[in-house]
Amino acid sequence: MGFKRENLTSGVRGRRWRVCVLAVVALFGVAVAPASAMASVPAPPPTSHVTVLTRNLYLGADLTPLVTAQTPAELSAAVQQILAAVVASNPPKRMGWVADEIAAQHPDVVGLQEAALWHIQTPGGGTLTYDFVQLLLQALAADGLHYRVAVEQTNFDSSVQLPGVPLGGSFADHDAILVNADAPAYRARVLDTGAAHYASQLAFPTLLGPINFDRGYVWADVRTSGRVWRLVDTHFEAYPGFGTQLHDYTADQAAELVAALPQNRPTVVLGDLNSRPDNPLAQGYTVLRANGFDDAWSALHPSDPGFTCCRNDDLSGGALSERVDYALYRGSVTPLAAAVVGVDPRADTAPRWPSDHAGVLATLAIGVR
């Protein structure tokens, strides 16, 4: 109202002001709480907003040469090609770049796919170990940030699928959810976690016999400003099969996920769904949409395709030309912002990007619809 503090608390002018207030109360019945009561009024609840990021970290190599190898010699060459590609992709540098993205945005929770663990034997008899999750956490700590693993699941594990086969190394694929440990507790407090594998799995034909590259999901029940919601991170099957034996595994996996999700709370699904509406053999995204899930990106950017995939295998180039990475939501959730991250190259020579995918960052209001 333009009053200065001294005009309200000193001299006759202050007394006249209080008289005027009492007159207004008498005339209009306005209740004025005493100062002590006003001081005890609880503060409004913290914001219900939460920021989520989905990030496919990229294994570092294309694994299909294992499937196409026709002889033991070709299989051995394929393995060496894959291991060399992983080393050349420089996982420590790439995870550092992902950490920079996270440092720039400070998401409350991060869903990771292709969070690989590689053990690669070197010619000198040593072992190179690339644990993508630990590399990312270390890079975040170097940036002054502290994230913790809420839940992590092993999907494919070569030491289990191919026991006793000397391939020059081992590899395991993980999904994981990270939580920002520096954020206030009301932003994203994890109450419970879990994980599961899908029953519908593609068996890859190889000289060593069929190999299941298991796919699955991890989840966390999260409290944000008193509102409990479920976060899911998943990675649907990338291939419809080989030869004439084609099948839409993404649709099967999406149906399994829907059946496992709670109906009584807001739910957010992050991940590389390897599907889109115009691909008849990859309808997992469409199945989720048909079961009540909305798409944060398309809701806020209906005329922008928001491509997230895929660069060349060696990360030397290649244009993003399709959208397979999503932040979907169902229930009392309202999208406030969405952005594609990791689009610009970070170096002039390969690897030029953190991943062959871009990521999707979304800010959501939980408990608001």
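So, here is what we can say about the structure in this document. (Residues numbered from 1 in each chain as written. Predicted model: local features only at pLDDT ≥ 70, side-chain atom pairs only at ≥ 80, totals over all residues. Heavy atoms only, no water.)

Quick word on the overall build of the chain
Step number 1: The secondary structure content of the chain amounts to 11 helices and 18 strands.
Step number 2: Residue burial in the chain is summarised as follows: out of 369 residues, 47% are buried.
Step number 3: Sequence-distant contacts, at least 24 apart, represent 74% of the contacts inside the chain between residues at least 6 apart.
Step number 4: Working note: accessible area of the chain is about 17,100 Å², and carbon and sulfur atoms make up 56% of it. (Helix = DSSP H or I, 4+ residues; strand = E, 2+ residues; numbered from the N terminus. Buried < 20%, exposed > 50% of the residue type's maximum accessible area, 1.4 Å probe, protein only. Contact = heavy atoms within 4.5 Å. Areas by Shrake-Rupley, 256 points an atom, 1.4 Å probe, with all protein chains shown as cover.)

A word on the sheet that holds strand S15 (residues 294–295)
Step number 1: Judged by pairing direction, the sheet is mixed, and its 6 strands sit side by side in the order S7-S10-S11-S14-S16-S15 without closing on themselves. The open sheet has two edge strands, strand S7 (189–197) and S15, and neither has a second partner.
Step number 2: Summarising the sheet, strand S10 (residues 216–224) and strand S11 (residues 227–235) pair through 8 bridges and their orientation is antiparallel. Across the sheet, the residue bridging to Arg223 is Val228, located in S11.
Step number 3: Sheet contacts for helix H9 (residues 249–260): S10, S11, strand S14 (267–272) and strand S16 (325–330); angle to S11, the most-contacted strand, approximately 160°. (Pairing = 2+ DSSP bridges. Axes fitted to C-alpha atoms, helices over the stretch in contact; angles between N-to-C directions.)

With respect to the nonpolar core
Most often, soluble globular proteins keep nonpolar side chains buried together rather than apart.
Step number 1: Counting residues in each nonpolar core, the largest one holds 41 residues, and the members touching the most others are Ile102, Leu112, Trp118, Leu136, Leu140, Tyr147 and Phe171.
Step number 2: Examining the composition of this core, we find that 7 residues originate from one element, helix H7 (residues 132–142), more than from any other.
Step number 3: Those residues in contact with Leu140 that lie beyond four places of it in its chain are Ala99, Ile102, Leu145 and Tyr147.
Step number 4: Ranked by size, the runner-up nonpolar core spans 24 residues in total, among them Val50, Val109, Val218 and Leu364. (Core = buried A, V, L, I, M, F, W, Y, C linked by side-chain atoms within 4.5 Å.)

Concerning the packing of aromatic side chains
Step number 1: For the coordinates displayed, the defined rule picks out 11 aromatic pairs.
Step number 2: Pairwise contacts between aromatic rings join Trp118, Phe156, Phe171, Phe204, Phe213, Tyr239 and Phe242 into one cluster.
Step number 3: Taking the ring centre of Trp219 as reference, the NZ or CZ of Arg230 above it sits at 3.8 Å. (Phe/Tyr/Trp six-rings, centres within 6.5 Å; stacked < 30°, edge-to-face > 60°. Lys NZ or Arg CZ within 6 Å of the ring centre and 35° of its normal.)

Some words on the pattern of salt bridges
Between side chains of opposite charge, pairing is possible as soon as their charged atoms come close.
Step number 1: Considering all chains together, one arrives at 10 salt bridges under this definition.
Step number 2: Linking Asp278 and Arg276 is a salt bridge whose minimum nitrogen-to-oxygen distance equals 2.7 Å.
Step number 3: Among the residues examined, Arg276 registers a relative accessible area of 26% and is labelled partly exposed.
Step number 4: Residue Asp295 pairs with Arg323 through a salt bridge whose shortest N-O separation is 2.9 Å. Note that Asp295 is positioned in strand S15 and Arg323 in the loop between helix H11 (296–300) and S16, a separation of 28 residues in sequence.
Step number 5: Among the residues examined, Asp295 registers a relative accessible area of 1% and is labelled buried.
Step number 6: Several salt bridges converge on common partners, so that one network encompasses Asp221, Arg230 and Arg265. (Salt bridge = Lys/Arg side-chain N within 4 Å of Asp/Glu carboxyl O.)

Focus: the state of the cysteines
Step number 1: Going through the model one piece at a time under the given rule, you end up with 1 disulfide.
Step number 2: Linked covalently through their sulfurs, Cys309 and Cys310 form a disulfide whose S-S length is 1.2 Å.
Step number 3: Cys309 sits in the buried class, given a relative accessible area of 3%. (Disulfide = S-S within 2.5 Å.)

A few points about the side chain of Glu237
Step number 1: Inspection of the secondary structure puts Glu237 in the loop between S11 and strand S12 (241–242).
Step number 2: A polar contact is formed between the side chain of Glu237 and the backbone nitrogen of Tyr239, at a distance of 3.1 Å.
Step number 3: Once residues lying within four places of it in the same chain are set aside, the contact partners of Glu237 are Leu202, Phe204, Phe213, Arg215, Tyr249, Thr250, Gln253 and Asn274. (Polar contact = N/O pair within 3.5 Å; in protein donor to acceptor, adjacent residues only side chain to side chain.)

A closer look at the side chain of Arg187
Step number 1: If you trace the backbone, Arg187 turns up in the loop between strand S6 (169–180) and S7.
Step number 2: Discounting chain neighbours no more than four positions away, the residues touching Arg187 are Thr47, His49, Val50, Thr51, Asp108, Arg223 and Thr224.

Comments concerning the pairing of S14
Step number 1: For S14, a buried count of 6 out of 6 residues is recorded, marking the element as mostly surrounded by other parts of the structure.
Step number 2: Here S14 shows no split at all, with Thr267, Val269 and Gly271 on one side and Val268, Leu270 and Asp272 on the other all buried.
Step number 3: The sheet contact formed by S11 and S14 spans 6 bridges and is parallel. Residue Val232 lies in a different strand from S14, and its bridge partner there is Val269.
Step number 4: Of the pairings in the sheet, the one linking S14 to S16 comprises 6 bridges and is antiparallel in character.

Side note on unusual backbone geometry
Step number 1: Looking along the chain, the bond that leaves Cys309 and enters Cys310 is cis, with omega of -5°.
Step number 2: Structurally, Cys310 can be placed in the loop between H11 and S16.
Step number 3: Between Ala350 and the following residue, Pro351, the backbone shows a cis peptide bond with an omega angle of 0°.
Step number 4: Note that Pro351 resides in the loop between strand S17 (333–341) and strand S18 (359–366).

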